[in-house]
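Listed here are the chains, written in short residue letters.
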Amino acid sequence: MKRLLLAAFVVLTLSACSAPGPMQTKIGLLKTPAFDPIFISSLNSAPSGVEYKTYTVMFRDKMPAMAMLKDTLVITNEGVYLSEWDIRNYTFIHKLKLPYADIKTVETTTKERSFLPDSQYLKIITKTDSQYNFAIFDGSVNLASSLIRKRTIQ
């Protein structure tokens, strides 16, 4: 009986030590070269490529106090996408698609903090006055904003 318990403990320990692959985590895929072709193939249209990608949290009025990073903000030559990687089906779930023709303005905000990293936000306002706010966590809010402005008529 002791040997059986020891064997079960060893098997459980060894199986728990293995790390999931990048396709099996919501965040891991973004950092791999597989992200761009998988994302492009998940779209009905055929954009020429991914110009920008980052983890984000989308919110309406005020940034929530607690939020999980599960969404990806992707900018292509066709528009802005908010997508989530479905680790069960190995597909992207596209939650939002904003073609450049629908975007009226884009704004950036940086809230400086003394002890924590600064917070950066991207706000996209459509021609129908819908607002989409995104928290950008990697410091690249100006890059995202300039890519969108380059394709929209101000």
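All figures in this text were calculated on a predicted structure; none of them were measured in a lab.

**A look at unusual backbone geometry**
Of note in this structure, Tyr-90 is not a glycine but carries a positive phi near 55 degrees. On the secondary structure map, Tyr-90 appears in the loop between β3 (79-86) and β4 (91-99). On the basis of relative accessible area, Tyr-90 is assigned to the partly exposed category, the value being 41%. One non-glycine residue, Asp-129, lies in positive phi territory at about 65 degrees.

**Quick notes on the environment of Tyr-121**
Note on placement: Tyr-121 falls in strand β6 (residues 119-126). When its relative accessible area of 14% is taken as the criterion, Tyr-121 is described as buried. Between the C-alpha atom of Tyr-121 and that of Ile-136, which follows or precedes it by 15 residues, the distance is 5.7 Å. Those residues in contact with Tyr-121 that sit more than four places away from it in its chain are Phe-59, Met-63, Glu-107, Thr-108, Thr-109, Lys-111, Arg-113, Phe-134, Ala-135 and Val-141.

Criteria and thresholds
- Residues numbered from 1 in each chain as written.
- Predicted model: local features only at pLDDT ≥ 70, side-chain atom pairs only at ≥ 80, totals over all residues.
- Heavy atoms only, no water.
- Helix = DSSP H or I, 4+ residues; strand = E, 2+ residues; numbered from the N terminus.
- Buried < 20%, exposed > 50% of the residue type's maximum accessible area, 1.4 Å probe, protein only.
- Contact = heavy atoms within 4.5 Å.

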